[in-house]
Structures are given as C-alpha cells and as structure tokens.
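Fold and contact review
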Amino acid sequence: MIRGMAITVREDLAGIPDYVPGRKIPGAVVLSSNEVAGAPPEAIVKAIAEAAAEINRYPAWSSDDLVDKLSERLAVEPGRLAVGCGSTSLCQQLIQAVCRPGDEVLFSWRSFEAYPILAQVVGAGARRVPLTADYRQDVDALLAAVTDATRLVFVCNPNNPTGTVVHADDVTRLIEGVPEHVLVVLDEAYREFITDPEVPDGLKLARERDNVAMMRTFSKAYGLAGARAGYLVAPPEVAAGVRKVAIPFSVNRLAQAAALTALDIADELLARCAAVVAERGRVYPELRALGYDVPVSQGNFVWLPLGERAMEFNEFCVERKILVRSFAGDGSRVTIGLPEENDAFLAAARDFPR
Ligand code: PMP
C-alpha cells in the first residue's frame, strides 16, 4: 500500500466552495470587496515600518496595547474584549467557543458569505432564514427559527450584501425574544457608514446586555483590510472563550501597530467614510432612476438584485474593467469607491441592456 493513501480529509469539506480570488485585471476599477479606496495615511505606513524592524520577535500574545486602547476608547472593560485576525476570525472563534456537536448557528440569507462556511468548518449546523421581499433581515422569522440547538444568531447590521439595516425596536425584540441559551451577535463591520439614527449602537447593547456580542473591524472604515484586525465585545465568559480558541499570535505585530495607529488618527480616517457616505447618496438615486430595485444601503456598497442576470452584469462590468461582486441567480454588490470610479460603474449600469 502506498503510504498516505489511507489519509483522508473530512468528506463534508467537499461542500465548502473554494475561495475564488478576485480577478486581477491591471488598471481595473476594484469595487468588489467593500474596501475603502485610497492609500493609507503616512502615519500608518510609518507604524508598520517601525514594527517591521522588530519582526524577528513574536507580537504581544493577546494584543495587550490594542486591547487597552480599545478598552479606553469604547469604555469596555478588557475582560469583555477580544481582538482577532479580522472579524472573520472572531466569527469563527465565537462559533468554536460556543457550539458543541449538533449545535446550530442561525442567520438571514443572503448575508455575509463566511457565516455558513465558518459554521461548517467548525462542525456546527447553519440555519438560513430568507430575507424579506424587500431584502431586509426578518426578525420574526429569525425568532420563529430558533430551536433548542440554536446557540448563535448573527445579525449583520447593515447587511452584507444588501446594505439594509435592522432598527433598534427590532433588534431589542430579537434580544428579548430569544431563549436563554442563545447569544445574539451583532456584526457591525460597516458601522461607521451608518447615518440612519434608528439603527442601534451594538457597542452599547453588548455592554449592557448579557446575551449580546458585537464585532467590528479595522478592515473597512479604518482602511486596514490588508492588515487583518478586528475586535469583539461580549459577555466576559464568552469573550474569554473566544480568546482561548484563538490561534496563538494570529494578530501579527504589523497588524497590531497599524490598528493602534488607526485609533490615534481615527478622525482623519473616519472623514474618508463621510466622503463615501456622500457618494452613496449620489449613486443610490441614480441607480433607482435607472430602474434598478436597489434597497437603501447603510454600508459602503449597494446591492443590485438582478436575479438570473447577475453574472451577465458581472461580465458586462469586467469588459469595462470594473470589478464587482456577483452572486449567481441573486445579485451584484458594488462597493462605493472614489467619485470617478462610481461614475464608471454608473455608466456601466446605464448601458447594461435591460
Ligand atoms: N462581517 C461582514 C459583514 C463583512 O462583510 C466582513 C468583510 N467582508 C467581515 C465581517 C470581516 O471582515 P474582516 O475579517 O476583514 O475584519
């Protein structure tokens, strides 16, 4: 027998789609990953370069300086905090820390693509609840879908990819309506782009309630998608579990330095979000006027529910060197970029034969 022939990987992994990297087209307008356009400020580049000079040393085990600064900034005790290699990692750690075999994670669909994948990787069940006809997360349907096996309910606020939000009254109804064994997780990756005053502050809820966790990231508003850092605020026992299952040193030295500096220059970085919000306010009505059924978005992206024509629209954009993120049979998500990038996308939307 050939050595190694008896070694197999879990059969269920065949059901997980391979990651399809975004196409590399030189000079393309990249509106496919909800990043913030524009190079990082000098202070960030300098902090990363300084950290690089000590790259022979392991980083702080639990990102102590970053946790301390976040604790102060967010007015949250360090015991309720966990820093992770992006909030994607925190999402996985949370499922790992909370779910036992047979347990389930509940979320709306369509939502952040990582939820079902991470649940499956960890060995938890994933239960999807359809969005409403107007692309919103349906709190009543989520409540009705909770079972004895449910441990986590993810609420993506605003929802990726539709941009729609869940208002405070509905979030409260969910938090108060779930049974005691369920933790409500507010994924606020796009928090800084919200202008709707009816959207609750997940940080406040995570501080005040014992069945709420909240995740945010440095990838979007802070412009550090390439660095990989995010944070979670949760009840102390949950946060401790999330810290325990982390891969040691996964928030690397460069990411910690970048995130610390990003907090120092938060005002400058958040000013860029205001520009994105202004552009969103320009792009949205134009798309509506063109006849696209775009829901109101509170993220740095818009959703074109093109159904069966989503991939056709995707190719139409690629031909014009515009990269968007499309989901076959469902729709296309387009990041709000710089004004000239948005103009290029709007021109494509205008010319797309319908
Ligand atoms: N949550 C949502 C809803 C997202 O869209 C993303 C990024 N696409 C994340 C979490 C994770 O971001 P990161 O891992 O870069 O922090």
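In what follows, the structure referred to is the one given above.
Along each chain, residues carry numbers from 1 onward, in the same order as the chain's sequence is written. A pLDDT threshold of at least 70 governs which residues receive local features in this predicted model, and a stricter bar of 80 or more applies before side-chain atom pairs are shown or counted, although totals over entire chains, interfaces and linings include all residues. The basis for every side-chain value is the complete set of heavy atoms in the structure, and neither hydrogens nor water enter the calculation.

**Notes on the nonpolar core**
With 77 residues, the main nonpolar core has Leu70, Phe218, Leu287, Tyr292, Leu304 and Phe345 as its most contacted residues. Helix and strand definitions follow DSSP, with helices as H or I runs of at least four residues and strands as E runs of at least two, each counted in order from the N terminus. In terms of residue count, the dominant contributor to this core is helix 10 (residues 266-289) (seven residues). For Phe218, the residues in contact, after removing those within four places along its chain, are Leu66, Leu70, Gly223, Leu224, Ala225, Ala229, Gly230, Tyr231, Ala259, Ala262 and Leu263. The definition of a nonpolar core used throughout is a set of buried Ala, Val, Leu, Ile, Met, Phe, Trp, Tyr and Cys residues joined through side-chain atoms within 4.5 Å. Burial here depends on accessible area, computed with a 1.4 Å probe over protein chains only, as a share of the maximum for the residue type. Under 20% is buried, over 50% is exposed, and the range in between is partly exposed. Counting residues in hydrophobic clusters, the runner-up holds 26 residues, among them Phe107, Val185, Val238 and Val242. By the convention used here, residues are in contact when the closest approach between their heavy atoms is within 4.5 Å.

**A word on the packing of helix 2 (residues 64-74) against helix 9 (residues 253-264)**
Every axis in this analysis is a line fitted to C-alpha atoms, fitted for helices over the stretch in contact. Angles between the N-to-C directions lie between 0 and 180 degrees. It is at 9 Å that the axes of helix 2 and helix 9 come closest, and there the two elements cross at 25°. When the interaxial angle is binned, helix 2 and helix 9 end up roughly parallel. Where helix 2 crosses over helix 9, the two elements pack in a sense that is left-handed. Contacts between helix 2 and helix 9 involve Asp65, Leu66, Lys69, Leu70 and Arg73 on the former and, on the latter, Ala259, Leu260, Leu263 and Asp264. Orientation labels follow simple angle bins: below 35 degrees gives roughly parallel, above 145 gives roughly antiparallel, 65 to 115 gives roughly perpendicular, and whatever is left gives oblique. A clockwise turn of the near helix away from the far one marks a right-handed crossing, whereas an anticlockwise turn of less than a right angle marks a left-handed crossing.

**Thoughts on the packing of helix 10 against helix 12 (residues 339-351)**
To describe two helices that pack against each other, one gives the angle between their axes and the distance between the axes. In the contact formed by helix 10 and helix 12, the axes pass within 11 Å of each other and the chain directions differ by 10°. In this view, helix 10 runs roughly parallel relative to helix 12, as classed from their interaxial angle. The segment helix 10 lies against helix 12, with Glu279, Arg282, Val283, Glu286 and Leu287 engaging Pro339, Asn342, Asp343, Phe345, Leu346, Ala349 and Arg350. Ten residue types, Ala, Val, Leu, Ile, Met, Phe, Trp, Tyr, Cys and Pro, are classed as nonpolar, four, Asp, Glu, Lys and Arg, as charged, and the remainder, Gly among them, as polar. Taken together, the residues of the contact of helix 10 with helix 12 sort by class into six nonpolar, one polar and five charged.

**Focus on the packing of aromatic side chains**
The pairing test for Phe, Tyr and Trp rings, Trp by its six-membered ring, is centres within 6.5 Å, and the orientation test on the planes gives stacked under 30 degrees, edge-to-face over 60, and tilted for anything in between. What the rule picks out here adds up to 14 aromatic pairs. Residues Trp303 and Phe327 carry aromatic rings whose centres are separated by 6.1 Å and whose planes lie at 50° to one another, so their mutual orientation is tilted. A residue pair is termed long-range when its members are at least 10 positions apart, and Trp303 in strand 9 (residues 301-304) and Phe327 in strand 11 (residues 325-327) qualify at 24 residues. Neither residue differs from the other here; Trp303 and Phe327 are each classed as buried. One aromatic cluster in this structure is built from Phe107, Trp109, Phe112, Tyr115 and Phe154. Residue placement shows Arg354 over the ring face of Tyr292; its charged tip is 3.9 Å from the ring centre. The rule for a charge over a ring is simple: NZ of Lys or CZ of Arg within 6 Å of the ring centre, and within 35 degrees of the ring normal.

**Some details on the side chain of Ser332**
Within the element layout of this structure, Ser332 appears in strand 12 (residues 331-335). We define a polar contact as two N or O atoms separated by no more than 3.5 Å, with the added condition that, inside protein, one atom must be a possible hydrogen donor and the other a possible acceptor, whereas residues neighbouring each other in sequence contribute only through side-chain atom pairs. Of note is the side chain of Ser332, whose polar atom sits 2.8 Å from the side chain of Ser326. Other than its neighbours up to four places away in sequence, Ser332 contacts Val302, Trp303, Leu304, Leu306, Ala310, Phe313, Val324, Arg325 and Ser326.

**Concerning the state of the cysteines**
Here, the term disulfide refers to a pair of cysteine sulfur atoms separated by no more than 2.5 Å. If you walk through the whole model with that rule in mind, you get zero disulfides. The cysteine Cys156 is free of any disulfide, with Cys91 supplying the nearest cysteine sulfur at 9.0 Å. The exposure class of Cys156 is buried, given its relative accessible area of 2%.

**Let's talk about the layout of surface pockets**
Lining residues are those with an atom within 4 Å of a point, where the points come from a 1 Å grid over the protein atoms alone and group into cavities, where a 1.4 Å probe fits but cannot get out, or pockets, open sets with protein on both sides within 12 Å along at least five of seven lines. Grid points are joined across faces, edges and corners, and a volume is the space filled by probe spheres set on the points. When its volume is computed, the largest pocket comes out at roughly 1500 Å³. Surrounding the largest pocket, 47 residues form its lining, Tyr19, Val20, Ser33, Glu113 and Arg325 being those nearest its centre. Going through the elements one at a time, helix 3 (86-98), helix 4 (114-122), helix 11 (310-319) and strand 11 are the ones with two or more residues in the lining of the largest pocket. Partitioning the lining of the largest pocket into residue classes produces 22 nonpolar, 13 polar and twelve charged.

**A look at helix 6 (residues 168-177)**
Among the residues making up helix 6, those that are buried are Val171, Leu174 and Ile175. The arc enclosing the buried residues of helix 6, seen along the axis, measures out at 95°, which places them on a common side. For helix 6, the exposed residues set more than 90 degrees away from the buried face come down to Asp169 and Glu176. Residues of helix 6 that are buried make contact with helix 5 (139-145), strand 5 (150-156), strand 6 (183-187), helix 7 (202-208) and strand 7 (212-217). The arc in question is traced by the directions running from the helix axis to the C-beta atoms.

**Some remarks on helix 11**
When we look at burial in helix 11, the residues that qualify are Ala310, Phe313, Asn314, Phe316, Cys317 and Val318. In the core, the buried residues of helix 11 are packed alongside strand 9, strand 10 (322-323), strand 11, strand 12 and helix 12. Phi for Lys321, located one or two positions after helix 11, is positive at around 60°.

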